Amino acid sequence: MNITINGDAASIEPLSVQDYLIQLGIDPRRVAVELNREILPKGAYPGTALKEGDSLEIVHFVGGG
Amino acid sequence: MPENNDKLVIAGREFDSRLMVGTGKYADFPQMVAAIEASGAQIITVAVRRVNISDRNKESLLDHIDLKKYTLLPNTAGCYTADDAIRTCRLAREAGLSDFVKLEVLGDERTLFPNNEELLKAAAVLIQEGFTVLPYTSDDPIVCRRLEDLGCAAVMPLGAPIGSGLGIRNPYNLRIILDTVKVPVIVDAGVGTASDAAIAMELGCHGVLMNTGIAGAQDPVAMALAMNLAVRAGRLAFRAGRIPMKLHANASSPLAGLIA
């Protein structure tokens, strides 16, 4: 199925947000996730299945002033 | 010691250091860590950006920061609308599990001056949502008062444009702001060297926030220590109460008992 992640199109197998983050090599504790422009609380990552057309934003902290 | 018990209090939280520093523009993480350490800062700013999905090998900022030692202050740098800034703050809270945010809503890429209309709009929403909002603002006493009225935990007027190093361009406005609001006044942006930080503190400002002034110096770790000392020196001088300025001389040695 097709989703959008950080503005780019991606084709993935059906899976949860938690599993997708792990597959990408991202530590779920170190990021924040927006699913279709709504904040997804960390506790909801394992129980949230990605669906066709979903849009994900995955952000983290970087150096800044 | 005169510095004892002189805490900076923001939204009920106490800090010994009045210098806040950024984490951007360093050559590498070890240099950043050494500079933060030398600065003595307890509050450090970070930016919120998309994770690079295609290149996962890059080190993470948080691998280098002791979260027990430092309070993270995520910023909304690069946001030009209230909506983008609000969205960034919500993400920052989820990523960092703290409700402190440095709210900045920019008006223009060339000056990076704040868009105060959008800033006020964003501050109102974020305060409703329980955020502790520290807004980067123009050195405008009326805007600062409105930010305080909305419930901002501090106001952070600029000393000069971000990254300019021009120093404290309008000390009189800062004095009027200090006279206008009761929340802490933290000079954010424009500091180029130690004397700029000392001037801000001597005026009575409660703190100084900087990034480029340290990270852009030839020796960032040495400059971080200089800023640490300058903020403390300026604060001590403010509390000590300076002598009035006089046009003419006033001898330091007694006039009585001269030999001639």
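Please refer to the structure higher up on the page.
Here goes a summary of the coordinates provided.

Reading the values: rules and limits
- Residues numbered from 1 in each chain as written.
- Chains lettered and ligands numbered in written order.
- Predicted model: local features only at pLDDT ≥ 70, side-chain atom pairs only at ≥ 80, totals over all residues.
- Heavy atoms only, no water.
- Helix = DSSP H or I, 4+ residues; strand = E, 2+ residues; numbered from the N terminus.
- Rg over C-alpha atoms; globule rule 2.2 N^0.38 Å.
- Buried < 20%, exposed > 50% of the residue type's maximum accessible area, 1.4 Å probe, protein only.
- Contact = heavy atoms within 4.5 Å.
- Phe/Tyr/Trp six-rings, centres within 6.5 Å; stacked < 30°, edge-to-face > 60°.
- Lys NZ or Arg CZ within 6 Å of the ring centre and 35° of its normal.

## Digging into the overall build of chain A
Secondary structure assignment for chain A yields 1 helix and 5 strands. From first element to last, N terminus to C terminus, chain A shows the α and β order β-β-α-β-β-β. Its C-alpha radius of gyration of 12 Å places chain A within 12% of the 11 Å reference for a compact globule of 65 residues. Expressed as lengths along the three principal axes of its C-alpha atoms, the size of chain A is roughly 40 × 25 × 20 Å. For chain A, with 65 residues in total, the buried portion stands at 46%. By sequence separation, contacts in chain A at least 24 residues apart represent 52% of the contacts at least 6 residues apart.

## Remarks on the packing of aromatic side chains
All names here are of chain B. Tallied over the entire structure, the rule returns 0 aromatic pairs over all chains. Positioned above the aromatic ring of Phe100, the side-chain terminus of Arg13 is 5.1 Å from the ring centre. Sitting over the ring of Phe131, Arg93 keeps its end group 3.8 Å from the ring centre.

## A closer look at the environment of B:Ala198
Residues and elements named next belong to chain B. Among the structural elements, Ala198 can be located in helix α6 (residues 194-202). Taking the C-alpha atoms as reference points, Ala198 and Ala237, 39 residues apart in sequence, are found 8.8 Å from one another. Setting aside its immediate chain neighbours within four residues, Ala198 contacts Ala230 and Gly234.

Structural measurements only, silent on function.
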